[in-house]
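Below are the chains, spelled out letter by letter.
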Amino acid sequence: MKQIIVHAGFHPETPREYHGEHIYKVVHTRAGGEAHDFHSGALLAAAGQYYGLDNGAWIKDLGGEKYQTDWTGEERWGRVEQIETDEAGNVVSAETLGFVLLRVDRARGLL
């Protein structure tokens, strides 16, 4: 059985379901750099991986399935993966399809 899941580490207590949102494909990758908290300016960690999307945006991997836009901390992303399981529920294969922009409503302060 195939299913699409969204990995979103910013709110692990609430599983993120995929509802047909546009999946942005990864067209470039690069390693290195630093991840900063845009609100306090504090260094969070060394960002291990950056992903260039087909819309021209770069998102960075903060670790723990947390992804955000390279230039702002307000846009948070989820990694979309298609998994295939057997009858017992064991994962047979998994493929990353790209990233979706998680629910953002800046006017109401929702990220």
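Heads up: the structure comes first, above all this text.
(A) Geometry of the overall build of the chain. A tally of regular secondary structure across the chain gives 0 helices and 9 strands. For the chain, the sequential pattern of α-helices and β-strands runs β-β-β-β-β-β-β-β-β. Of the roughly 6800 Å² that the chain leaves accessible, carbon and sulfur atoms contribute 50%.

(B) Here's a closer look at the environment of A94. Inspection of the secondary structure puts A94 in strand β9 (residues 91–101). Classification of A94 as partly exposed rests on a relative accessible area of 48%. Separated by 11 residues in sequence, A94 and I83 place their C-alpha atoms 4.3 Å apart.

(C) Region of the structure containing the side chain of T69. Take T69: it is sitting in strand β7 (residues 66–69). Overall, T69 belongs to the buried group, its relative accessible area being 0%. A polar contact is formed between the side chain of T69 and the side chain of E75, at a distance of 2.8 Å. Here W77 takes part through its side chain, which lies 2.9 Å from a polar atom of the side chain of T69.

Thresholds applied
Residues numbered from 1 in each chain as written. Predicted model: local features only at pLDDT ≥ 70, side-chain atom pairs only at ≥ 80, totals over all residues. Heavy atoms only, no water. Helix = DSSP H or I, 4+ residues; strand = E, 2+ residues; numbered from the N terminus. Areas by Shrake-Rupley, 256 points an atom, 1.4 Å probe, with all protein chains shown as cover. Buried < 20%, exposed > 50% of the residue type's maximum accessible area, 1.4 Å probe, protein only. Polar contact = N/O pair within 3.5 Å; in protein donor to acceptor, adjacent residues only side chain to side chain.

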